Amino acid sequence: MPVKKRATYFTETLALSWGDEDLIKEIGAASDVRNEISHENPDKVISEEFVSGAILAIKKVVKTCIFAATRSHPMQFKLS
């Protein structure tokens, strides 16, 4: 499933936004590189800057979704 479609599903079905359009594009770029390495070009060289950006983008999505879930489902998250 394309990243944009996955992000839309999270927003519309789960009420968990991944973030703004730029963040979704960053996740899409990371996914595209991952697919290229896995299926087409396993020797592709990835810059440290790209990897760092991808890690940050993924962390932002996870953090955003978890915080939204704690607000919409407070009984399932035992936060102090």
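This text goes with the structure placed above it.
Note that the structure is predicted; figures quoted are calculated from it, not measured.

Topic: the packing of helix H2 (residues 21–39) against helix H3 (residues 48–72)
Move 1: Interhelical geometry of H2 versus H3 gives an angle of 125° and a closest axis separation of 9 Å. As judged from the angle between their axes, H2 and H3 are oblique. For the pair H2 and H3, the sense of crossing is left-handed. Residues Leu-23, Glu-26, Ile-27, Ala-29, Ala-30 and Val-33 of H2 lie in contact with H3, whose contacting residues are Phe-50, Gly-53, Ala-54, Ala-57, Ile-58, Lys-60 and Val-61.

Some details on unusual backbone geometry
Move 1: Residue Ala-15 is not a glycine yet carries a positive backbone phi of 55°.
Move 2: Tracing the chain through its elements places Ala-15 in the loop between helix H1 (3–14) and H2.

Structural notes on the packing of H1 against H2
Move 1: In contact at an axis separation of 9 Å, H1 and H2 are set at 135° when each is read in the N-to-C sense. Relative to H2, H1 is oriented oblique. The element H1 and its partner H2 pack so that their crossing is right-handed. Contact with H1, carried on its side by Val-3, Lys-4 and Ala-7, involves Glu-21, Ile-24, Ile-27, Gly-28 and Ser-31 of H2 and no other residues of that element.
Move 2: Of the residues contributing to the contact of H1 with H2, the split by class is four nonpolar, two polar and two charged.

Rules and cut-offs
- Chains are numbered independently. Their residues run from 1 in the order of the written sequence.
- Side-chain atom pairs in this predicted model are given and counted only at pLDDT of 80 or more, local residue features only at pLDDT of at least 70, and totals for whole chains, interfaces and linings cover all residues.
- Values shown for side chains rest on all heavy atoms present in the structure; no hydrogens or waters enter the calculation.
- Fitted lines through C-alpha atoms serve as axes, helices being fitted only where they are in contact, and the angles separating the N-to-C directions of these axes extend from 0 to 180 degrees.
- Note on conventions: DSSP H or I runs of at least 4 residues are helices, E runs of at least 2 residues are strands, and numbering of each starts at the N terminus.
- Note that the term roughly parallel is reserved for angles under 35 degrees, roughly antiparallel for angles over 145, roughly perpendicular for angles of 65 to 115, and oblique for everything else.
- Each crossing is labelled by how the near helix is turned from the far one, with a counterclockwise turn of less than a right angle marking it left-handed and a clockwise turn marking it right-handed.
- It only takes one pair of heavy atoms within 4.5 Å for two residues to be counted as in contact.
- Ten residue types, Ala, Val, Leu, Ile, Met, Phe, Trp, Tyr, Cys and Pro, are classed as nonpolar, four, Asp, Glu, Lys and Arg, as charged, and the remainder, Gly among them, as polar.

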